[in-house]
Amino acid sequence: QVQLAESGGGLVQAGGSLKLSCAASGRTFTLSTSGWFRQAPGKDREFVAAVAGNGENTAYADSVKGRFAVSRDNAKNTAYLQMNSLKPEDTAVYYCAADNTWGRFTTNLKMYTSWGQGTQVTVSS
C-alpha cells in the first residue's frame, strides 16, 4: 500500500497554470498507477488523468486533454499534474490516488485503493 499527500492547489485566474504534486510513501510507488481525480460541489468525483507506474502509459479526460499533463518522478516518489490554460470549470477539489494492483492501468476510480486528502483548485474568471 502507498500513502499519498497532494499539494500545490490555490487560486488562479482563467488562463493561468498550476502544478499539483502528489508525494507518496511506501516502497511500492513504482508499481502503482497514479491517478488524478476531481470533485466539484454537488458533483461526483471524476477522472482527470493517470500515469502508469513505469510512466509509459498515460490517459486524460477529454475535458483536460491538451491542457493538462501528468507525469511522475519515481526517484522522488512523486506524481505531478501540470495544469495549463485553466478554466473556471476546472474549479474542484483535486485528489491523487494509487492503484496498488501490480501491472494494472485503469481510469476507473473504483480500482484505486489509496487516496490523498485533496487540494482545492479555484479558477476565477
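In case you missed it, the structure is sitting above this.
Residues numbered from 1 in each chain as written. Predicted model: local features only at pLDDT ≥ 70, side-chain atom pairs only at ≥ 80, totals over all residues. Heavy atoms only, no water.

Draft legend 1. The arrangement of the sheet that holds strand E1 (residues 3-7) in detail. The four strands are arranged E1-E3-E8-E7 in an open sheet whose pairing can be described as antiparallel. Looking along the sheet, the strands with just one partner apiece sit at the ends: E1 and strand E7 (68-73). For this sheet, the mean angle separating the axes of adjacent strands, direction not counted, is 15°. Relative to strand E8 (residues 78-83), E7 is paired through six bridges, and the arrangement is antiparallel. In the sheet register, Ser71 faces E8, and the bridge partner there is Tyr80. (Pairing = 2+ DSSP bridges. Helix = DSSP H or I, 4+ residues; strand = E, 2+ residues; numbered from the N terminus. Axes fitted to C-alpha atoms, helices over the stretch in contact; angles between N-to-C directions.)

Draft legend 2. Summary view of unusual backbone geometry. Located in the positive-phi region is Asn77, a residue other than glycine, with phi close to 55°. Its place among the elements puts Asn77 in the loop between E7 and E8. We note that Ser85 has phi near 50°; this positive angle belongs to a residue other than glycine. Tracing the backbone through its elements, the reader meets Ser85 in the loop between E8 and strand E9 (92-99).

Draft legend 3. Region of interest: the nonpolar core. Among the nonpolar cores identified, the biggest contains 33 residues, and Trp36, Val48, Phe68, Leu81, Met83 and Tyr94 are the most heavily contacted of them. Sorting the residues of this core by element identifies strand E3 (18-25), strand E4 (33-39), strand E5 (46-51), E7, E8, E9 and strand E11 (119-124) as the ones contributing at least two each. The contact partners of Phe68, leaving out residues within four places of it in the chain, are Arg38, Val48, Tyr60, Leu81, Gln82, Met83, Asn84, Leu86, Asp90 and Tyr94. (Core = buried A, V, L, I, M, F, W, Y, C linked by side-chain atoms within 4.5 Å. Buried < 20%, exposed > 50% of the residue type's maximum accessible area, 1.4 Å probe, protein only. Contact = heavy atoms within 4.5 Å.)

Draft legend 4. Structural view of the state of the cysteines. Applying the stated rule across the entire model yields one disulfide. What pairs with Cys22 in a disulfide is Cys96, and their sulfur atoms sit 2.1 Å apart. Between Cys22 and Cys96 the sulfur-sulfur dihedral comes to about 65°; the bridge is accordingly right-handed. Taken together, the residues span a long stretch of sequence, with Cys22 in strand E3 and Cys96 in strand E9 at a distance of 74 residues. Of the two residues examined, Cys22 and Cys96, each falls in the buried class. (Disulfide = S-S within 2.5 Å.)

Draft legend 5. Region of interest: the environment of Ala52. Topologically, Ala52 is positioned in the loop between E5 and strand E6 (58-60). Overall, the relative accessible area of 10% leaves Ala52 in the buried class. A sequence separation of 28 residues divides Ala52 from Ala24, and the C-alpha atoms of the two residues are 14 Å apart. For Ala52, the residues in contact, after removing those within four places along its chain, are Ser32, Thr33, Asn57, Arg72 and Phe105.

Draft legend 6. Representation of the side chain of Asp90. Within the secondary structure layout, Asp90 lies in the loop between E8 and E9. If we skip the residues at most four places from it in the chain, Asp90 touches Arg38, Arg67, Phe68, Ser85, Val121 and Val123.

None of this, on its own, says anything about what the molecule does.
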